[in-house]
Amino acid sequence: MNAKNQALFFDEDNGLDAIITLTDEYGNDMDMEAVASLAIEELGKEYIAVVPLEPNEEFEEGEVLLLIYSEDKKGNPVFESLDDPEEFEIVSTAFEEFIEQMSEDDDDEDYEEEITDDNYLDDIAEIIPGVSIKVDK
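All values reported here derive from a predicted model rather than from experimental measurement.

Taken together, Glu89, Glu96, Glu97, Glu100 and Glu104 make up a surface patch of like negative charges. On the secondary structure map, Glu89 appears in helix α2 (residues 85–116).

This paragraph deals with the nonpolar core. In this structure, Phe9, Ala18, Ile20, Leu22, Met30, Met32, Ala34, Ile48, Val50, Phe59, Leu67 and Tyr69 together form the largest nonpolar core, which totals 12 residues. Going through the elements one at a time, β1 (20–23), β2 (29–40), β3 (45–52) and β4 (65–71) are the ones with two or more residues in this core. When residues in this core are grouped by element, the largest group, 3 residues, is from β2. Beyond its immediate stretch of four places on either side in the chain, Ala18 contacts Leu8, Phe9, Met32 and Glu33.

Moving on, we come to the pairing of β4. With 5 bridges joining them, β3 and β4 adopt antiparallel strand pairing. Its bridge partner lying in β4, Val50 is registered against Leu65. Here β4 runs beside strand β5 (residues 77–81); their pairing, made up of 5 bridges, is antiparallel. From the neighbouring strand, Ile68 faces β5, where its bridge partner is Glu80. Linking β4 to β5, which pair antiparallel, is a turn of 5 residues; within it Gly75 sits at a positive phi near 90°.

Throughout the structure, instances matching the rule amount to 1 salt bridge. Salt-bridge contacts for Lys45 lead to Glu87; the nearest nitrogen and oxygen are separated by 3.1 Å. Taken as a pair, Lys45 in strand β3 and Glu87 in helix α2 lie far apart in primary sequence, 42 residues in all. With relative accessibility at 12%, the residue Glu87 sits in the buried group.

How each quantity is defined
- Chains are numbered independently. Their residues run from 1 in the order of the written sequence.
- Totals for whole chains, interfaces and linings use every residue, but because this is a predicted model, local features are given only for residues with pLDDT of at least 70 and side-chain atom pairs only at 80 or more, for both listing and counting.
- Excluding hydrogens and water, the side-chain figures rest on all heavy atoms present in the structure.
- To count toward a patch, a residue needs a relative accessible area above 30% and no salt bridge. Like charges then connect within 9 Å, nonpolar side chains (Val, Leu, Ile, Met, Phe, Trp, Tyr) within 5 Å.
- Accessible areas in this description were obtained via Shrake-Rupley with a 1.4 Å probe; residue shielding takes into account the shown protein chains only.
- Put simply, a salt bridge is a Lys or Arg side-chain nitrogen that is within 4 Å of an Asp or Glu carboxyl oxygen.
- Counted as positive: Lys and Arg. Counted as negative: Asp and Glu. His and the chain ends are not counted at all.
- Lysine's charge is taken at NZ, arginine's at CZ, aspartate's at CG and glutamate's at CD.
- What counts as a helix is a DSSP run of H or I of at least four residues, what counts as a strand is a run of E of at least two, and both are numbered from the N terminus.
- Working definition of a nonpolar core: buried Ala, Val, Leu, Ile, Met, Phe, Trp, Tyr and Cys residues. They are joined through side-chain atoms within 4.5 Å.
- Partly exposed describes any residue whose relative accessible area lies between the buried limit of under 20% and the exposed limit of over 50%, with all areas from a 1.4 Å probe on protein chains only and scaled to the type maximum.
- Whether two residues are in contact is decided by their heavy atoms: any pair within 4.5 Å suffices.
- Here the rule is simple: two strands pair whenever DSSP picks up at least two bridges between them.

Next up, the structure:
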């Protein structure tokens, strides 16, 4: 994925909301947003996970749609359905592992924020009754 598209889909500071409009086999449009992308070298392709902007009956809560991602000659994004069952299995497993790793990284960051917070000892009495600690600043 080129830098322009990476920023378009995943840079929260750019002030842009990239909406991907997909049309199903019945001609119905669905507005989606990208939540993750992943290149799988063994398959020689990039993939993108999208979720609907608004709840609908086609997608359960937390369900994503995996698409093949490529770019045209001008660098514009091109999305294709992922129809091969074997390829889908590989890609969905890779995304699950990727999302799990991202979640673990977020938990680690949250823990680091908790222990570096200036007030982290304020509730020590709730943890160890009768104990209070004052920190010199």
